[in-house]
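Observations on chain architecture
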Amino acid sequence: MTVRELSGRGAATILAALLALTALTTAVAYADLGRFAAAVAIAIATAKALLVAFYFMELRASSRVVRVYAAAGILFLALLLLGTLDDSVRRLPASDETPAGASR
Amino acid sequence: MSDAAGSPVAEPFEDLEQERAARRLGMWVFLATEVLFFGGLFTGYAVYRAGHPAAFAEASRRLDVLLGALNTSVLLTSSFTMATAVRLAREGSGRRARAWLALTAALGAAFLAVKGFEYAEKFRERLVPGASFGVEGPHAPAERIFFSFYFVMTGLHALHMLVGLGVVAAVARRLRDDGPVELAGLYWHFVDVVWIYLFPLLYLVSRHA
């Protein structure tokens, strides 16, 4: 298993991309994206996490068994999130959707 | 990593590359358990945010987005310095690797200092859940839940940062072998990834309006 080295310049490029994505996610938080705001924020965060995982954590040059373990952590997190949310979102209607101060 | 026979390879392994692959895999197994350790909190957060979207948006706006973005940048930069330290250690430049590790630790300490300043602000603004929680209005109960998640999630993350600082200090003393510093790097980057998600979920719920 050869580890493809990330060069100094390569690492600096990844850092620049990570900082740019941080500025982007902060800027779009001020735009009115409605119900897509959370999806956009999660998508940008995931892009950053993948850059860190594949380049800084060297997943791109890792053995298949390491990739399987990395994927397993994400898979079980996804099952935990989806299973829980599928149940709770149907069961508990959003409790504070009424305009602020309208009731209570 | 040497045994009594003078071989650089530890007991059960046939060669150094096999030993390294095993150590690397062991760290990834640990990190997979860490994903689920934090995952329970992320799931709880998702459930309450889905149930109280307006309160979570309001509470999120009480956090200092500039300090949050600054700390995100500090942590991302520390991952870059850590990756550089690992590369230098592999090239055999132990002294330069040690300097980059020191820089990594300094950035980690700076992150914790900003976090501590933010915590102090939140105490002053009476945003800490408890008897003196100062938020009023219809969303107050759900805002209290948001701040409980804020303190537990960022607190657990800060604890991981403290452990990371200890690990960096420990591996900086044994750079003749680049194995330990590589594993420390994996852990450090993982803690960075956790923050990559915490920043938008806590600070950026909704900033418009």
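Rules and cut-offs
Position labels on residues start from 1 in each chain and follow its written sequence. For this description, chains carry letters from A and ligands carry numbers from 1, given in the order in which they are written. Given that this is a predicted model, residues contribute local features only at a pLDDT of at least 70 and side-chain atom pairs are listed and counted only at 80 or more, while totals for whole chains, interfaces and linings are drawn from all residues. In this description a helix means any DSSP run of H or I spanning at least four residues, a strand means any run of E spanning at least two, and both kinds are numbered starting from the N terminus. Exposure classes come from backbone-placed C-beta atoms, where a residue is buried if 20 or more other C-beta atoms lie within 10 Å of its own, exposed if 12 or fewer do, and partly exposed in between. Once C-beta atoms have been placed from the backbone, residue pairs whose C-beta atoms lie within 7 Å are recorded as contacts. Angles shown run from 0 to 180 degrees and are taken between the N-to-C directions of axes, each axis being a line fitted to C-alpha atoms and, for helices, limited to the stretch in contact. Geometric relationships in this document are graded by angle, where less than 35 degrees denotes roughly parallel, more than 145 denotes roughly antiparallel, 65 to 115 denotes roughly perpendicular, and other angles denote oblique. Each crossing is labelled by how the near helix is turned from the far one, with a counterclockwise turn of less than a right angle marking it left-handed and a clockwise turn marking it right-handed. Under the scheme applied here, ten amino acids are nonpolar (Ala, Val, Leu, Ile, Met, Phe, Trp, Tyr, Cys and Pro), four are charged (Asp, Glu, Lys and Arg), and all others, including Gly, are polar. Multiplying 1.5 Å by the helix residue count minus one yields the expected span of that helix. Domain extents, as shown, originate in an automatic or database domain assignment. Here pLDDT means the predictor's own confidence in every residue, given as a number from 0 to 100.

It is worth spelling out the overall build of chain A at this point. Within chain A, the secondary structure is distributed over three helices and zero strands. Written out in order from the N terminus, the α and β elements of chain A read α-α-α. The buried share among the 104 residues of chain A stands at 26%.

Helices and strands together make up the secondary structure of chain B, namely six helices and zero strands. Helices and strands in chain B line up, N terminus first, as α-α-α-α-α-α. By residue count, 42% of the 209 residues in chain B fall in the buried class. Summarising the internal contacts of chain B: among those between residues at least 6 apart in sequence, 70% fall at separations of at least 24.

This brings us to the packing of helix α5 (residues 140-172) of chain B against helix α6 (residues 179-203) of chain B. Residues and elements named next belong to chain B. Contact geometry of α5 with α6 gives a least axis separation of 10 Å together with a crossing angle of 160°. By the angle between their axes, α5 is roughly antiparallel relative to α6. In the packing of α5 onto α6, the handedness of the crossing is left-handed. Side by side, α5 and α6 meet where Tyr150, Met153, Thr154, His157, His160, Met161, Gly164, Val167, Val168 and Val171 of the first sit next to Pro180, Val181, Ala184, Tyr187, Trp188, Val191, Val194, Trp195, Leu198 and Leu202 of the second. Looking at the contact of α5 with α6 residue by residue, the class counts come to 16 nonpolar, four polar and no charged.

It is worth spelling out helix α3 (residues 64-91) of chain A at this point. For α3 of chain A, spanning 28 residues, the distance from its first C-alpha to its last is 40 Å, which sits close to the expected 40 Å at 1.5 Å a residue. For α3 of chain A, the complete set of buried residues consists of Val66, Tyr69 and Ala70 of chain A. Contacts from the buried residues of α3 of chain A go to α2 (37-56) of chain A together with α1 (16-51) of chain B.

What follows concerns unusual backbone geometry. Of note in this structure, Glu58 of chain A is not a glycine but carries a positive phi near 60°. Turning to its location among the elements, Glu58 of chain A is positioned in the loop between α2 and α3.

All names here are of chain B. Viewed as axis vectors pointing N to C, helix α4 (residues 94-124) and α5 meet at an angle of 160°, and their least axial separation amounts to 10 Å. In this view, α4 runs roughly antiparallel relative to α5, as classed from their interaxial angle. Regarding α4 and α5, the two cross each other, and that crossing is left-handed. Contact with α4, carried on its side by Arg98, Leu101, Thr104, Ala105, Gly108, Ala109, Phe111, Leu112 and Lys115, involves Thr154, Ala158, Met161, Gly164, Leu165, Val168, Ala169 and Ala172 of α5 and no other residues of that element. When the residues that make up the contact of α4 with α5 are grouped by side-chain class, the tally is eleven nonpolar, four polar and two charged.

Segmenting chain A into domains produces domain 1 (7-61) and domain 2 (62-92). Distance between the C-alpha centres of domain 1 of chain A and domain 2 of chain A: 20 Å.

Here the focus is the interface of chain A and chain B. Taken together, the 48 residues of chain A in the interface contact 44 residues of chain B. Secondary structure elements with two or more residues in the side of chain A that touches chain B: α1 (8-28), α2 and α3 of chain A. Of the residues forming the side of chain A that touches chain B, the biggest block, 15 residues, is contributed by α3 of chain A.

Our focus in this paragraph is the environment of Phe80 of chain B. Inspection of the secondary structure puts Phe80 of chain B in helix α3 (residues 65-90). Sequence separation of Phe80 of chain B and Thr104 of chain B is 24 residues, and the distance between their C-alpha atoms is 8.4 Å. Here Phe80 of chain B is in contact with Ala11 and Leu15 of chain A, once residues within four sequence places are set aside.

This part is about the confidence of the model for chain B. Across chain B, the average pLDDT comes to 93, with 96% of residues at 70 or higher. Predicted as a complex, the structure gets a pTM of 0.91 and an ipTM equal to 0.92.

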